[in-house]
Amino acid sequence: SLFPLTFGQAAVRIVPGEAPSSKPLRVGVLFSGGPAPGGHNVIAGLYDYLSKRNPMNKLIGFTPGPKGLIQGKHMEIDAEKLAPFRNFGGFHLIGSDRTKIETDEQFA
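The model shown is predicted, which means the values in this text are computed figures rather than measured ones. (Residues numbered from 1 in each chain as written. Predicted model: local features only at pLDDT ≥ 70, side-chain atom pairs only at ≥ 80, totals over all residues. Heavy atoms only, no water.)

## Looking at the overall build of the protein
As a reminder, the rule being used: What counts as a helix is a DSSP run of H or I of at least four residues, what counts as a strand is a run of E of at least two, and both are numbered from the N terminus. Only protein chains enter the accessibility calculation, which uses a 1.4 Å probe; a residue is then buried when its area is under 20% of its type maximum, exposed when over 50%, and partly exposed in between.
Helix and strand counts for the protein stand at 4 helices and 5 strands. Counting from the amino terminus, helix and strand elements in the protein follow one another as β-β-α-β-α-β-α-β-α. Taking the principal axes of the C-alpha coordinates as reference, the protein spans close to 40 × 30 × 20 Å. Burial analysis of the protein (108 residues in total) assigns 26% to the buried set.

In structure tokens:
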């Protein structure tokens, strides 16, 4: 399997809770493929949820898309960077591309 540590694992499910998580999380997001409506709202929803759960949580955007993940290009998404993109369609904040992750070297 190309992704032996993740393939076949249970899906992560986010459920409402009362207390913020005690350990800060670093969550990564990327877009792959062509632009689509609502991309910025996905990022805003992730950011808002993470910030509400624990103000120390971080949202990392890989730019642009899978290529950024492979090349280690990323940016921390904070309220100031996100503000101009809220409720606007597209992927302009972090970009997107069509790079395919197909080898162990690309994923390492």
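## What about the sheet that holds strand S1 (residues 26-29)?
Here is the rule we go by: When DSSP finds two or more bridges between two strands, those strands count as paired. For every element, the axis is a line fit to its C-alpha atoms; helices are fit only across the contacting stretch, and the angle between N-to-C directions ranges from 0 to 180 degrees.
Spatial ordering of the open sheet is given by S1-S3-S4, a layout of 3 strands whose pairing is mixed. If you trace the sheet from one side to the other, it starts and ends with S1 and strand S4 (74-77), each paired once. The mean inter-strand angle of the sheet, taken between neighbouring strand axes irrespective of direction, is 30 degrees. Here strand S3 (residues 58-62) pairs with S4 via 4 bridges, running antiparallel.

## Side note on the side chain of histidine 40
Our working definition: N or O atoms closer than or at 3.5 Å make up a polar contact, with two conditions inside protein: a donor-capable atom paired with an acceptor-capable one, and, for residues adjacent in sequence, both atoms drawn from side chains. Should any heavy atoms of two residues lie within 4.5 Å, those residues are counted as being in contact.
Looking at where histidine 40 falls in the secondary structure, it is placed in helix H1 (residues 39-53). A distance of 3.1 Å separates a polar side-chain atom of histidine 40 from the backbone nitrogen of histidine 92. The contact partners of histidine 40, leaving out residues within four places of it in the chain, are Phe85, Phe88, Gly89, Gly90, Phe91, His92 and Leu93.

## Regarding the nonpolar core
How we decide: Here, nonpolar core refers to any group of buried Ala, Val, Leu, Ile, Met, Phe, Trp, Tyr and Cys residues whose side-chain atoms link them within 4.5 Å.
One finds Ile43, Leu59, Ile77, Leu82, Leu93 and Ile94 to be the most contacted residues of the largest nonpolar core, which totals 13 residues. When residues of this core are traced back to their parent elements, those giving at least two are H1 and S4. Considering every element that reaches this core, the biggest residue donor is H1, with 4 residues. In this structure, isoleucine 94 is in contact with Val29, Leu30, Phe31, Ile43, Gly61, Phe62, Thr63, Pro64, Gly65, Met75 and Ile77, ignoring residues within four places of it in sequence.

## Thoughts on the side chain of aspartate 97
Definition in use: Positive residues here are Lys and Arg, negative ones are Asp and Glu, while His and the chain termini are left out of the count. In what follows, salt bridge is the name for a side-chain nitrogen of Lys or Arg lying within 4 Å of a carboxyl oxygen of Asp or Glu.
Along the chain, aspartate 97 falls in strand S5 (residues 96-97). Look at aspartate 97: it is buried, it has no salt bridge, and the nearest opposite charge is lysine 67 at 4.2 Å. A polar contact is formed between the side chain of aspartate 97 and the backbone nitrogen of lysine 67, at a distance of 3.5 Å. Residues contacting aspartate 97, with those up to four places away along its chain left out, are Phe31, Ser32, Gly33, Pro64, Gly65, Pro66 and Lys67.

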